[in-house]
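Below are the chains, spelled out letter by letter.
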Amino acid sequence: PGTYTENIIWPETNGIKLISAGDSSNTIIDGDGVSSVIYMNPQTATIDTTTLIQGFKIMNGGNVQNGGGIFCNSASVTVELCAIINNDVEIAGGGCYFATSQAAIFRSSSLRNNTASYGGAIYSVGSNLNLLSVDASSNNSSEYGGALYITNSNTTILNNSEFFNNTSTKSGGAIWYRNYQNTTNYLSISNSTFNHNHATQSTERGGAITSSGNGVT
């Protein structure tokens, strides 16, 4: 336990397990507003969901365009028992940014008070996203997707999760889901609740969810 002020560049190694000796209430990785707290962008290695981040508060990522808490490009990861809070970026994924990730799995974690233009908590493009027992609350986007911005992602599964008090200036107070490709994408939401989410501009739509595009199931 303790507070560790650092910005982690993930090694080019699959299957690393970053596990705290405490939990997310007392073991903190603080990005200090300098960069992404955890940065994963492998150039040669294949990183899959045997890679684990467990039991941390990941906070104060910033001064980047994308992915304040976790930036993940062309890699997969499992996040368990973590709190991703108070991260702020200029463009996409205040809490987390996933691009072409084969799988991003969140279990029993929270995403709170993160901000971005697109996807206050999570921005996912061309990735498979699983949120299982996740609390996404009080996240904000100045454009679309107060909590989640999901585009061209093959499969998105949300189960036993809560979306509360998320806001976007435009559509998708909690979730903006869009497929621009000529393929069928799959969004599954089960045993989940949406309360007090807002798209604040009066001309916009989808206080909870906006879904559009080609082949959305």
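Below or above, wherever it landed, is the structure these notes cover. (Residues numbered from 1 in each chain as written. Predicted model: local features only at pLDDT ≥ 70, side-chain atom pairs only at ≥ 80, totals over all residues. Heavy atoms only, no water.)

1. Topic: the environment of L111
Rules: Only runs of H or I of at least four residues qualify as helices and only runs of E of at least two qualify as strands under DSSP, and these elements are numbered from the N terminus. The buried label applies to any residue whose accessible area, calculated with a 1.4 Å probe on protein chains only, is under 20% of its type's maximum; exposed applies above 50%, and partly exposed to all values in between. Note on definitions: a residue-residue contact is assigned when non-hydrogen atoms from the two residues lie within 4.5 Å.
Relative to the elements of secondary structure, L111 occurs in strand β12 (residues 104–112). A relative accessible area of 0% means that L111 is categorised as buried. Put simply, L111 and N87 are 24 residues apart on the chain and 9.6 Å apart in space, counted from C-alpha to C-alpha. Non-local contacts of L111, meaning those with residues more than four positions away in its chain, are made with I84, C96, F106, A121, I122, V134, D135, A136, S137 and N139.

2. Remarks on the pairing of strand β18 (residues 155–159)
The cut-off we apply is this: Here, any two strands with at least 2 DSSP bridges between them count as paired.
Here β18 shows a clear split, with T156 and L158 buried on one side and none of T155, I157 and N159 buried on the other. Pairing analysis gives four bridges linking strand β15 (residues 129–137) to β18, with the strands arranged parallel. Bridging from a neighbouring strand, L131 pairs with L158 of β18. The sheet contact formed by β18 and strand β22 (residues 186–190) spans five bridges and is parallel. The partner of T156 across the bridge, within β22, is L187.

3. Details of the pattern of salt bridges
Let me state the cut-off plainly: For this document, the term salt bridge refers to a Lys or Arg side-chain nitrogen within 4 Å of an Asp or Glu carboxyl oxygen.
In the structure shown here, the tally under the stated rule is two salt bridges. Here R107 and E80 are joined by a salt bridge, their closest N and O atoms 2.9 Å apart. With a gap of 27 residues between them, R107 in strand β12 and E80 in strand β9 (residues 77–80) connect regions that are remote in the sequence. Here R107 falls in the partly exposed class, since its relative accessible area comes to 35%. Of the charged contacts, one joins E143 and K170 as a salt bridge, the two residues approaching to 3.1 Å between their closest N and O atoms.

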